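Chain residues, written in single-letter form:
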Amino acid sequence: MTLTSAVNRGATPRERFEADTREVRPAQTDAGLPLDLLYTPEHIESLDYDRDLGYPGQYPFTRGAYPTMYRGRRWTYRQYSGMATAEETNERYRYLLARGQTALSVAFDLPTQLGYDSDHPLAVDEVGRVGVAIDTVDDMDRLFDRIDLEQVSVNFTINATASIILALYLAVARRRGLALDRLAGTVQNDILKEFLARNTYIYPPAPSLRLCCDIIEHCAGTLPRFNPISVTGFHIREARASAVQEIAFTLGAACVYTDEMLRRGFNIDDFAARLSFHFATTPSFFEEIAKLRAARRMWARLVRDRYGARQERSCVMRFFSGGAGAWLAHQEPLNNIVRTTVECLAAVLAGAQSIHVMAFDEALGIPTEESARIALRTQQILAEETDIADVVDPLGGSYFLESLTNRLEDAIRALMAEIEELGGYLRALEAQHLQRAVLDRAYEQELQLQHGTRPIVGQNVYVDEEASATIPALQDVPAVAPEQIARLQAFRATRVAAQVHRALGDLRRDVESGRNVMPALIAAAESGATLGEMADEFRAVFGEWRPQL
Amino acid sequence: MTTRVLLAKIGLDGHDRGVLIVARALRDAGLEVIYLGMRNTIDSVVSAATQENPDVVGISVLSNIHQVIAPRLMTRMREAGLDDVPVIFGGTVPPSDVQLLEDAGVAAVFPTGSSLEDIVAFCRSIRARNSRASAAAVESAP
């Protein structure tokens, strides 16, 4: 039986579709790529399955980093948290581990991130405010009290002081007699994006880059399961960059680190497999999935074609995905649970290795125990109650998704070429070109939010003043400075001053001579040198970075 | 005469997206903006305010130290003879802390998600008030 249509009799289905949809409103992705209404095989005519997609766990890794993906091993629940003191944070960690969290992610306070001991005049107001205060090897030990570091992997969101934090951690590992080859974890250690977005830099870019690569070099020899860097687009995106800027700037930074390692005489296959990445997922669902698949393919091609990797595993991009906080609303904060669920779903469908889900009250303050638990539960519900983890890259082959993946790759490549024309990534960063590009885009987006052309429910559409007034109890951050300072001073009083002095002298010598700083840092940490004292040795030699405004 | 707004971040916090957007919105609206950048201390802000003679001082904080620095900043502003310069705060200030800041003498609080138009309107209104006040002062002069 043949169906007939009242209009357009005799027209082809395609002609009829075009006639029926001529008036449809235009649409575009969050990054501004125009969207067709419908995707068909024509959109992916140029796609070559083996060349562009292939199999998961194989070059170019578009479909996934590992062959069995989540059926072999579920993604890691890696909720980011840090309370004011090491004890409280340890308590939160053990609370989360007891409820099924499988890895830790440490949030440090700002003095720790910026290399100030808790009793430094610039530190006192900020001790323990946005994360845990770590001054000494004893603090680090307390942070992981009764946690088996050979079993739990630990992610440190630390950059300017990454080398010092890693040294304190390794000093604890040695104190506990742990096998270094069993330690798993990550130091973020991506200093370049600090200059672009996150702004917790201390030293100028060149010596900062050196410290960063000292860590990569040290880990390559001694810590086979540790990720010495997590090249991070997350904060660039949180500063309201587009998905295209996020990936272009992250891959650009990854190439700077890689170039420096090659300059030091390493072979790409010596370290590339341990480089890890960190991206954001926003509620722009399909664009995020396509972005991450494009990023995986682009990195694989860069590592093989530009850097000449011989080993397939050097080409794998493994990444940690965090739901974006900048998209969460102040108003009616419980609604954020829906937003974070969509973000998490995108991360899973894109094949993330580990995931952080924001707490619903994150736009208001430090998450409570309840909101932190709900964030973890969001991951568990998606992983265990739905069928999204059973099939690898389930959206692969979608006309729309493959087309979007290709077009994002083109747009990212074009932006990377523009950066090259500006004289390369480092020059563009130092001249503030990248920062300005992100700010331009952020401002444009803010105006859309202000005018309601980019809807946020409860914020600029469906605003409900009464509902906005109901806010769940917030975590009150107590003043912990006196307690932390007392402990720091007691620690200083018990250590052997001559040993600390000698260790810091050795560190200074290595900083000045250009030798890898990690061995001397670890020795200094073991001798009882504090975070601030070690950072001061770097400050004395490198100076501090002041950006032009 | 355009309204002159001094903006700064106090403390170690590096989240400057909000303050940079506010700075651009104020400039686009024709106001004059002096941005001191990140990692200021209370003293560096007060000394800049003394030199630059702004109509409004705006402080951006996203590191949960607003409740500590607001009272101290207001005290230092008074000590420096700047009690007539209104101070506004922006950033992650939870609704429950707004009153606390206002009690300390902060003229207005614009938490994340606030309307840029409101911020611009507030800064303009200060200028208008100050102009009237100085006009009145001139009139009453001998």
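The rules behind the values
- Residues numbered from 1 in each chain as written.
- Chains lettered and ligands numbered in written order.
- Predicted model: local features only at pLDDT ≥ 70, side-chain atom pairs only at ≥ 80, totals over all residues.
- Heavy atoms only, no water.
- Helix = DSSP H or I, 4+ residues; strand = E, 2+ residues; numbered from the N terminus.
- Buried < 20%, exposed > 50% of the residue type's maximum accessible area, 1.4 Å probe, protein only.
- Contact = heavy atoms within 4.5 Å.
- Areas by Shrake-Rupley, 256 points an atom, 1.4 Å probe, with all protein chains shown as cover.
- Pairing = 2+ DSSP bridges.
- Axes fitted to C-alpha atoms, helices over the stretch in contact; angles between N-to-C directions.
- Buried area = accessible area lost by both parts, 1.4 Å probe.
- Salt bridge = Lys/Arg side-chain N within 4 Å of Asp/Glu carboxyl O.
- Polar contact = N/O pair within 3.5 Å; in protein donor to acceptor, adjacent residues only side chain to side chain.
- Nonpolar A, V, L, I, M, F, W, Y, C, P; charged D, E, K, R; others polar.
- Core = buried A, V, L, I, M, F, W, Y, C linked by side-chain atoms within 4.5 Å.

Peer 1: Just checking my understanding: could you explain the overall build of chain B for this structure?
Peer 2: Counting its secondary structure elements, chain B contains five helices and five strands. Counting from the amino terminus, helix and strand elements in chain B follow one another as β-α-β-α-β-α-β-α-β-α. Split into buried and exposed, the 142 residues of chain B put 54% on the buried side. Within chain B, residue pairs in contact and separated by at least 24 positions form 70% of the contacts whose partners lie at least 6 positions apart. Put simply, chain B shows about 6200 Å² of open surface, and 53% of that area lies on carbon and sulfur atoms.

Peer 1: How should I be thinking about the sheet that holds strand β11 (residues 318-323) of chain A in this particular structure?
Peer 2: Two orientations exist for strands paired in a sheet by backbone hydrogen bonds: parallel and antiparallel. Residue and element names in this part refer to chain A. Strand order in the open sheet made by the five strands is β3-β12-β11-β10-β9, with parallel pairing throughout. Only two strands of the sheet have a single partner each, and these edge strands are β3 (76-77) and β9 (229-232). Across two bridges, β3 lies against strand β12 (residues 354-356) in parallel orientation. In the strand pairing of β12, Tyr77 is matched with Ile355. On top of the sheet, helix α11 (residues 243-263) reaches β9 and β10 (275-281); it is set at about 165° to β10, its chief contact.

Peer 1: Hey, could you run me through the interface of chain B and chain A in this one?
Peer 2: By convention, interface size is frequently given as the accessible area that disappears when the constituent parts associate. On the side of chain A, 33 residues touch chain B, which itself brings 35 residues to the contact. In this assembly, chain B packs against chain A so that about 2700 Å² is buried in total across both faces, 56% of it on carbon and sulfur atoms. Looking only at chain B, the three residues that lose the most surface to chain A are Leu12, Arg17 and Arg39 of chain B, adding up to 27% of its buried area. Our enumeration of links across chain B and chain A arrives at two salt bridges. The tally of links from chain B across to chain A stands at twelve residue pairs in polar contact (both at pLDDT 80 or more). Those elements that provide at least two residues to the side of chain B that touches chain A are α1 (17-28), α3 (66-79), α4 (95-103) and α5 (116-140) of chain B. The dominant element in the side of chain B that touches chain A, judged by the number of residues it contributes, is α1 of chain B, at six residues. Of the residues that constitute the side of chain B that touches chain A, the class distribution is 14 nonpolar, 13 polar and eight charged.

Peer 1: Whenever I open this one, the nonpolar core confuses me. Can you help?
Peer 2: The nonpolar side chains of soluble globular proteins are, as a tendency, buried together. Of all hydrophobic cores here, the largest spans 175 residues; its most connected members are Phe144 and Phe156 of chain A. If sequence neighbours within four positions are ignored, Phe156 of chain A has contacts with Val106, Phe108, Met140, Phe144, Ile165, Tyr169, Thr186, Val187, Gln188 and Phe226 of chain A.

By themselves, these figures tell us nothing about what the structure is for.
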